[in-house]
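Each chain, letter by letter, is given below.
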Amino acid sequence: MLKIGILGLGTVGSGVVKILEKNEENIKNKVGAKLKIEKILVNNLNKKRELNFAQGILTNDAAEIIDNPEIDIVVELIGGEYPAYDYIIKAIENGKNIVTANKLVIAKHGKVIFKKADENNVQVCYEGSVAGGLPIIRPLQNSLAANKIKKIYGILNGTTNYILTDMSKKNKEFADSLAQAQKFGFAEADPASDIEGADAAYKITILSLLAFERFVDVNSVYVEGITNIASEDIKLAAEMGYIIKLLAIAKNSDQGLDIRVHPAFVPQDHPLAMINGTYNCVYLHGDAVGQVMSTARGAGQMPTGSAVVSDIMQVSKDINFNQREVQRIDKFLDSQVVDINEIENSFYLRLEVYDQPGVMAHIAKIFGDNNVSLASVLQKQKDNPIVPLVFITHQVKEKDLNKSLKAIESLKDVVKINNIIRVENNI
Ligand SMILES: NC(=O)C1=CN([C@@H]2O[C@H](COP(=O)(O)OP(=O)(O)OC[C@H]3O[C@@H](n4cnc5c(N)ncnc54)[C@H](OP(=O)(O)O)[C@@H]3O)[C@@H](O)[C@H]2O)C=CC1
Ligand SMILES: N[C@@H](CC=O)C(=O)O
């Protein structure tokens, strides 16, 4: 019998307990040992819970798990940076194997945690940390290991994909869709991490670690969230043949790593445009295998529970059969991240201008002076002295676009620049 201590009994922790109970027999057969939940750490012992436990299982003292010599595997599901990180380190030092779904901790502290795990001869598994129920950590470590991976495009945040899908398909307002995602338990305890892009940045940092064998400083990832996306942008994107998605992108080249998270126009006929709701997707290119695309629900109790329990089972099997999967992280290098200003993209620009002669000529001249060429222009007629003007540019370096936008903003016939969104035509 192997004994498990779980830190956290929220959305994911409850899912893990349910799966371990529901599939108990099947899990025992696959692992070759019975798995027993010894203790569960919660914050508030008096909280009303959907699951019932025997006396003494729930505790609010972390030491009863991380310092407990009976426990073989510590499953960290409390989230956030601290005390989660401290608990993981202490548990490793105490010889526990770790399973976690905490992308923040793995993205920020993976290097230290993996080193510590190696020194203590234990494993750290984190399949649930990226894209919930979508298998991608183990495939990158194993099934795709023969490949050199050049680029990854991901829809890695369930909350924002849910919001964008709702806004585009059901004409819902941002705040209503976010509230729904929070109610379902997809959103982080602090949903700013979802809607402002940090959650996806942690996830693409973890994928880059495995795909490119590079440690990335998560603070060097360029991040923009979806809080500026208006329903007007979603409608205009559709008119122009695109869907707006929050993309997490990592491309490796001799110049360094182009790694970023931002909303993007995705062509309507691209498979990524068809990933809706809480579904996540990873779309990558391996030199041997070619394109690989996988999709599954990226957030929520049972999909994430599925990934976490699979990790628990893998670690249990390894303990049971006395083996340990080794990650050769000692060979991983630190990454050079390419400055966003040097990256070329096509852009969607939505402006409001005074409807008067010459405005187009003034804007076109500034674009021309800064090497910005236009792929399409959409001028909306309104019975109003102020009209929207929409452009899609050809590929241009961000720094050149920004120079021209600064000049355009100061034109007196331009009211304001409403939005700028990157257009990913070459995924
Ligand atoms: N929700 C999702 O869909 C997904 C979440 N994840 C990740 O999984 C992890 C857990 O997320 P989720 O289940 O949503 O989080 P929740 O907020 O739903 O649950 C957190 C749990 O941890 C407990 N807890 C929080 N802080 C402490 C503390 N300082 N000491 C003791 N217990 C504490 C809470 O106790 P109490 O119940 O008493 O309040 C609660 O049981 C996070 O890292 C998250 O990013 C990953 C993929 C998907
Ligand atoms: N808040 C996250 C949960 C899973 O990682 C998301 O919405 O994707």
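Thresholds applied
- Residues numbered from 1 in each chain as written.
- Chains lettered and ligands numbered in written order.
- Predicted model: local features only at pLDDT ≥ 70, side-chain atom pairs only at ≥ 80, totals over all residues.
- Near = placed C-beta within 6 Å.
- Helix = DSSP H or I, 4+ residues; strand = E, 2+ residues; numbered from the N terminus.
- Nonpolar A, V, L, I, M, F, W, Y, C, P; charged D, E, K, R; others polar.
- Domains from an automatic or database assignment.
- Expected span 1.5 Å × (residues − 1).
- Buried ≥ 20, exposed ≤ 12 C-beta atoms within 10 Å, placed from the backbone.
- Axes fitted to C-alpha atoms, helices over the stretch in contact; angles between N-to-C directions.
- Parallel < 35°, antiparallel > 145°, perpendicular 65-115°, else oblique.
- Left-handed = near helix turned anticlockwise from the far one by under 90°.
- Contact = placed C-beta atoms within 7 Å.
- Pairing = 2+ DSSP bridges.
- UniProt positions renumbered as here; feature names shortened; annotations may be inferred.
- Core = buried A, V, L, I, M, F, W, Y, C linked by C-beta atoms within 7 Å.

## Side note on the site of ligand 1
- Around ligand 1 lies a shell of 27 residues, among which G8, G10, N43, G79 and A299 are the nearest.
- By residue number, the principal contributor to the shell around ligand 1 is helix α1 (residues 11-22), which donates three residues.
- Along the lines of polarity and charge, the residues of the shell around ligand 1 split into eleven nonpolar, 13 polar and three charged.
- Taken domain by domain, the shell around ligand 1 gets at least three of its residues from each of domain 1 (2-131 + 301-334) and domain 2 (137-297).

## Quick word on α1
- Taking 1.5 Å per residue as the helical rise, α1 with its twelve residues ought to reach 16 Å, and the 17 Å between its terminal C-alpha atoms agrees with that figure.
- Among the residues of α1, those classed as buried are T11, V12, G13, S14, G15, V16, V17 and L20.

## Here's the deal with the packing of helix α7 (residues 158-169) against helix α8 (residues 174-184)
- Following both chains from N to C, one finds α7 and α8 inclined at 135 degrees, their axes separated by 9 Å at the closest point. It follows that α7 is oblique to α8 by the angle criterion. As α7 runs across α8, the sense of the crossing is right-handed. Packed against α7, whose contacting residues are T159, Y162, I163, D166 and M167, the element α8 presents F174, S177, L178 and A181 at the interface.
- A per-class count over the contact of α7 with α8 returns six nonpolar, two polar and one charged.

## What to know about the sheet that holds strand β2 (residues 35-41)
- Read from one edge to the other, the open sheet built from six strands follows the order β3-β2-β1-β4-β5-β6, with strand pairing classed as parallel. Pairing within the sheet leaves two strands with one partner each, and these edge strands are β3 (58-59) and β6 (124-125).
- Against the sheet, α1 makes contact with β1 (2-7), β2 and β4 (73-76), and its axis sits at roughly 160 degrees relative to β2, the strand it touches most.

## Some words on the packing of helix α4 (residues 84-93) against helix α5 (residues 103-119)
- The geometry of α4 relative to α5 is characterised by a closest axis approach of 10 Å and an angle of 15 degrees between their N-to-C directions. In terms of axis orientation, α4 runs roughly parallel to α5. Here α4 runs over α5; the crossing is right-handed. Taking contact as the criterion, the partners of A84, Y85, I88, I89 and I92 in α4 are, on α5, V105, H109, I113, K116 and A117.
- Grouping the amino acids of the contact of α4 with α5 by side-chain chemistry returns eight nonpolar, one polar and one charged.

## Some thoughts on the environment of V282
- Here V282 shows up in strand β12 (residues 279-286).
- Sequence separation between V282 and S294 is twelve residues, and the spatial gap between their C-alpha atoms is 5.5 Å.
- Dropping the residues within four chain positions of it, V282 is found in contact with A131, L134, I136, I152, G154 and S294.

## Considerations on unusual backbone geometry
- A cis amide bond links Y82 with the next residue in sequence, P83, at an omega value of 10 degrees.
- Inspection of the secondary structure assignment puts P83 in the loop between β4 and α4.
- Phi at N171 takes a positive value of approximately 55 degrees, unusual for a residue other than glycine.
- As for its placement among the helices and strands, N171 is situated in the loop between α7 and α8.

## Overview of the UniProt feature "binding site: NADPH" (unreviewed entry) in the protein
- In the numbering used here, UniProt assigns the feature "binding site: NADPH" (unreviewed entry) to K103.
- Along the chain, the position of K103 falls in helix α5.
- On the basis of neighbour counts, which here come to 28 C-beta atoms within 10 Å, the residue K103 falls in the buried class.
- Aside from chain neighbours lying at most four places away, what touches K103 is S129, V130, D199, Y202, K203 and I206.

## With respect to the site of ligand 2
- Lining the immediate surroundings of ligand 2 are G132, N157, G158, T159, F186, A187, E188, D194, D199, G298 and A299.
- Per-class residue counts for the shell around ligand 2 are three nonpolar, five polar and three charged.

## Thoughts on the nonpolar core
- V75, I204, L207 and I312 are the most contacted members of the largest nonpolar core, which totals 128 residues.
- Once you skip the residues sitting within four places of it in the chain, V75 turns out to touch I4, I6, L7, V16, V99, V308 and I312.

## Here's the deal with the domain arrangement of the protein
- According to the domain assignment, the protein consists of domain 1 (2-131 + 301-334), domain 2 (137-297) and domain 3 (340-423).
- Placing the centre of domain 1 and that of domain 2 at their C-alpha centroids yields a distance of 26 Å.
- Counting residues at the interface gives 22 residues for domain 1, matched by 22 residues for domain 2.
- Tallying contributions element by element places α5 first for the side of domain 1 that touches domain 2, with seven residues.
- Split into classes, the residues belonging to the side of domain 1 that touches domain 2 amount to nine nonpolar, seven polar and six charged.

## What to know about the pairing of strand β17 (residues 386-393)
- Across seven bridges, the pairing between strand β15 (residues 344-354) and β17 is antiparallel. In the strand pairing of β17, E352 is matched with P388.
- Strand direction decides the pairing type here: strand β16 (residues 374-379) and β17, joined by five bridges, are antiparallel. In the strand pairing of β17, L378 is matched with V390.

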